[in-house]
Amino acid sequence: MSPPSVSQPVLVYDRIAQNRRKTVILVALAIALTVPFIGAVSFGVSEFLVAQFGPRTDIGRTRENAMRRALSRRRESGRPDTEFTRELDNQLEAETWKMRVQREKDEEAIARFRMQMMTVVAGGFTALLGLLFWTVASSSTSKVLTMCGARPAGASENEARRILENLSIGAGLPTPKLYVINSPTPNAFAAGTDPSHSVVAVTQGLLTLLEYRELEGVLAHELSHIGNHDTRLNTVVAALALFLRLPYLLVKRRIDEHTQNQYHYVPVRRRGWFRLMFTVVMLPAIVYVFVVAPILATLIRSAISRSREFLADADAALLSRNPEGLVRALAKIAGAGSVVAVSNPVIAHLYFADPQAPGIAMGLFRGSLLATHPPIEKRIARLMEFNGGVPGAAIEQAVHEGKEFTRFHPPVAIETLEPIKQDEISVLTAGNPMGRVYRVLSATSLYDRPDVRSFIVARVPAGGLLVVFDDPGRFRQVLTPDQTFGYMPASVKIQKVDMLPGEIHDPAARAAAESAAVAAQSVAQSAAARRLSPAQVLIATALGVTVFAGIFIVMMKFGGN
Amino acid sequence: MLSALLFQTAAAVITPAVAATLFAVLMAFFMAMFAISLYNGLVRARMRTREAWSGIEVQLKRRASLIPNLVETVRGYAAHEHEVFAEVAQARGALAKASGPAASAAADQFLTQALGRLMAVAENYPQLQAAASFTHLQGDLADTEEKIAYARQFYNVNALDCNARIQSFPGNQFAAWFHFEPVTFFTAEPGVFEDVQVSFAKAV
């Protein structure tokens, strides 16, 4: 008997190719937005610099034209044509000619200065873009997990771990670590830029609600996110979006500060005709930089996020060969609701279903354009295309089961938790309130106050693990495994350890990490907490070179005048 | 100005002849890079297929290592079912002796049938069914079968990629020249498509 013939075209490969193409187009569009953005900003800044610091011309074009008109009027006014008047005319013409030559030289100097300033500013802004990439990309997975309050999977999650292991054999990826979030709402996410250092986190509600095949579908979806390097892509897109929104966000911060400090906002007064012309000429650039680019950046970022969700759905169907499981899981989650109370808007795109409650303030913009996840009905519809369809009754029943689940496992009330007020710039500037785990390389003692002469609260042996909170200064704030808080001198060399801060309180995990090979690492690596990677050095050098070149050019121009 | 001077020197140096040779050199360079990347892609695809095949063998070995425990547990409760145990031992011996993919595939099929008969026999002993060690081993066996299935699926994915590269243009020119043979997909045994008879009647 021969294998059953395929009655439908294989849509899943087409869908996968289509989604990848869409991502490429959107990312190209985002990069294409950046180029005029850098151009507009550097043009504006260079115009400003020319106006403030640039070479000036004493003789404007209008004045020269006025003089020439006066001269021609003199000639046609019917004067006596004596040698004296002719001599006077020649002298005046010679003067005008000299003034014109001088003006042209001045204008050339101004144009050259403007070009140099534009190049310098454009280069500086491109280096800034690189700096943003690096900063956004270095936010670690453990920080994300701590933000969600996740714990490593224990013995009761063996089934889920087995499913994940089997799926990674099917995908040819290293098995990601499984973490569990203590929330009754069913949802899941995957994080990690490198497949060998990735994690998948599921909520307790998901494990309770879903059956074997449905859980397999959800985990296949998350594994597909990891395999498609979606976190890395989202990092790149987030950096681009932040770059395009930066002027808007800075101005918004300044306006917010002003409105908080004064009764009404007093804008900077612009005086003078030149300033007016400056603003009018710059208006398209200003509109683009402050209004159009931020909005487009947000839209593109949401569109890319949605497109990658569809791609992960299709890849999950291909991996598990069972789209029905994923369809039923989606239907159950649609019934149960996917709003996770502890979620942070900054990482909303990582979740399986949209974790944000529709806020009142965002009500106007909560249409499908800004959502990070496509609506569940559309996802189910696309998945149904692959399999020839799941009966509608099965979907109805799954939705009903989801709603029943919510009745018995109500979600945490959202109103009691204050929304996390973070705009995106704080991604760059916030320290790490959760702390990071480090290993101390030489024995040291912890002090009660940031003072070497104060009381010693604890001693830490060499190789001991600590949770370090960022504190610029001569002392670091640390927490020992037995919950003692103290200050450690900043001169003690520490080495980063890839663990969650919560894990060091567990003796088994701590012993395992402490006995890990310390001998293999040389002393030169002990400053790894401070050392810069080659990429960082390159970007910092580029930025420094650009800044110094700009200063040098400005000084030359200044001195030459 | 400096830029005017640059333009003049450039126009003097880069005559049409120089430009043509430069263009030809660049074209040749890019074509060489393209050819090299095609060849490397073929090599990588073939390596991945081989690695996926050994991945299947890893899972098969895992199942083979489960079997002694399973046999001992069943023997503890059903000591007089000698034929079944002998069959399993014979199948394991055949698998250990098999060399080459065809022989090991046949031996693996034999082992699967023997295991199936062992589990059918174990259905008759309710004490065995209740034993926690037996249910644990049964779960492990089911899990291993799934792992084997996923490993075969992964192998097929890589075989697809390898074959597609070998047979698309312009890769197929390389394939013939450098002796890249198409790899076979993992197909099921002929008996799989027949209907399975399930009966809940207890064997007497």
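Residues numbered from 1 in each chain as written. Chains lettered and ligands numbered in written order. Predicted model: local features only at pLDDT ≥ 70, side-chain atom pairs only at ≥ 80, totals over all residues. Heavy atoms only, no water.

Section: the overall build of chain B
Check the secondary structure of chain B and you find seven helices and zero strands. The order of α-helices and β-strands along chain B, N terminus first, is α-α-α-α-α-α-α. A compact globule built from 204 residues should have a C-alpha radius of gyration of about 17 Å, whereas chain B, at 30 Å, is more than 25% larger. By its C-alpha atoms, chain B is 100 × 40 × 30 Å across when sized along the principal axes. When each of the 204 residues of chain B is scored for burial, the buried share is 28%. For chain B, long-range pairs separated by at least 24 residues make up 72% of all intrachain contacts whose partners lie at least 6 apart in sequence. Surface accessibility of chain B: about 13,200 Å² in total, with carbon and sulfur atoms responsible for 66%. On chain B, the mean spot of the 15 positive side-chain charges and the mean spot of the 17 negative ones are 9 Å from each other. (Helix = DSSP H or I, 4+ residues; strand = E, 2+ residues; numbered from the N terminus. Rg over C-alpha atoms; globule rule 2.2 N^0.38 Å. Buried < 20%, exposed > 50% of the residue type's maximum accessible area, 1.4 Å probe, protein only. Contact = heavy atoms within 4.5 Å. Areas by Shrake-Rupley, 256 points an atom, 1.4 Å probe, with all protein chains shown as cover. Lys, Arg positive; Asp, Glu negative; His and termini not counted. Charge placed at Lys NZ, Arg CZ, Asp CG, Glu CD.)

Observations regarding the packing of aromatic side chains
Within the structure shown, the criterion is met by eight aromatic pairs over all chains. Ring geometry for F29 of chain B against F30 of chain B: centres 5.7 Å apart, planes inclined by 55°, an arrangement best described as tilted. Look at W177 of chain B and F178 of chain B: their rings are 5.3 Å apart centre to centre, the planes differ by 55°, and that puts the pair in the tilted class. Assessed through its relative accessible area of 64%, W177 of chain B is described here as exposed. F178 of chain B gets classed as partly exposed once you look at its relative accessible area, which sits at 36%. Among the aromatic residues, ring-to-ring pairing joins Y39, W177, F178 and F180 of chain B into one connected group. Here the guanidinium or amino end of R382 of chain A rests over the ring plane of F310 of chain A, the centre of that ring lying 3.9 Å away. Over the aromatic face of F85 of chain B sits the side chain of R75 of chain B, whose NZ or CZ is 4.7 Å from the ring centroid. (Phe/Tyr/Trp six-rings, centres within 6.5 Å; stacked < 30°, edge-to-face > 60°. Lys NZ or Arg CZ within 6 Å of the ring centre and 35° of its normal.)

Some thoughts on the interface of chain A and chain B
With 21 residues of chain A in contact, the opposing surface of chain B contributes 15 residues. Counting the surface lost from both chain A and chain B, the interface buries some 1,400 Å², and carbon and sulfur atoms represent 50% of this. In this assembly, chain A and chain B are joined by four salt bridges. Across the pair E165 of chain A and K147 of chain B runs a salt bridge whose closest N-O atoms are separated by 3.7 Å. At the junction of chain A with chain B, the criterion picks out six residue pairs in polar contact (both at pLDDT 80 or more). Of all elements in the fold, only α3 (83-137), α5 (158-171), α7 (212-227) and α9 (272-320) of chain A reach the threshold of two or more residues within the side of chain A that touches chain B. Sort the elements by how many residues they give to the side of chain A that touches chain B and α5 of chain A lands first, with seven residues. (Buried area = accessible area lost by both parts, 1.4 Å probe. Salt bridge = Lys/Arg side-chain N within 4 Å of Asp/Glu carboxyl O. Polar contact = N/O pair within 3.5 Å; in protein donor to acceptor, adjacent residues only side chain to side chain.)

A short note on the nonpolar core
Residues and elements named next belong to chain A. Ranked by size, the top nonpolar core spans 56 residues in total, and within it L167, L206, L219 and F352 carry the most contacts. Ranked by residues supplied to this core, first place goes to helix α10 (residues 323-336) with seven residues. Setting aside residues up to four positions removed in sequence, L219 forms contacts with A160, I163, L164, L167, V200 and V202. (Core = buried A, V, L, I, M, F, W, Y, C linked by side-chain atoms within 4.5 Å.)

Some remarks on the pairing of strand β4 (residues 199-203) of chain A
Residue and element names in this part refer to chain A. Counting buried residues along β4, five of its five residues qualify, which places the element largely inside the surrounding structure. Residues V199, A201 and T203 of β4 are buried on one face, and the alternating residues V200 and V202, pointing to the opposite face, are buried as well. Pairing of strand β2 (residues 177-181) with β4 involves five bridges; the strand directions are parallel. Its bridge partner being in β4, K177 is matched across the sheet by V199. Across four bridges, the pairing between strand β3 (residues 188-191) and β4 is antiparallel. In the strand pairing of β4, A191 is matched with V199. (Pairing = 2+ DSSP bridges.)

So, helix α2 (residues 16-77) of chain B
Along its 62 residues, α2 of chain B runs 92 Å from first to last C-alpha, staying within 8% of the 92 Å computed at 1.5 Å per residue. Along α2 of chain B, the largest kink reaches about 25° and is centred on I67 of chain B; proline P68 of chain B follows within four residues of it. (Expected span 1.5 Å × (residues − 1). Bend = angle between axes of the 7 residues up to and from the residue.)

Examining the confidence of the model for chain A
Detailed reading of the predicted model is not advised wherever pLDDT is low. Residue and element names in this part refer to chain A. Residues at a pLDDT of 70 or more form 72% of chain A, whose mean pLDDT is 75. Every residue in residues 414-422 is under pLDDT 50, and counting partners more than four places away or in other chains gives eight contacts. When the criterion is pLDDT under 50, residues 519-530 qualifies, and its contacts beyond four places in sequence or with other chains add up to nine contacts. (pLDDT = per-residue confidence, 0-100.)

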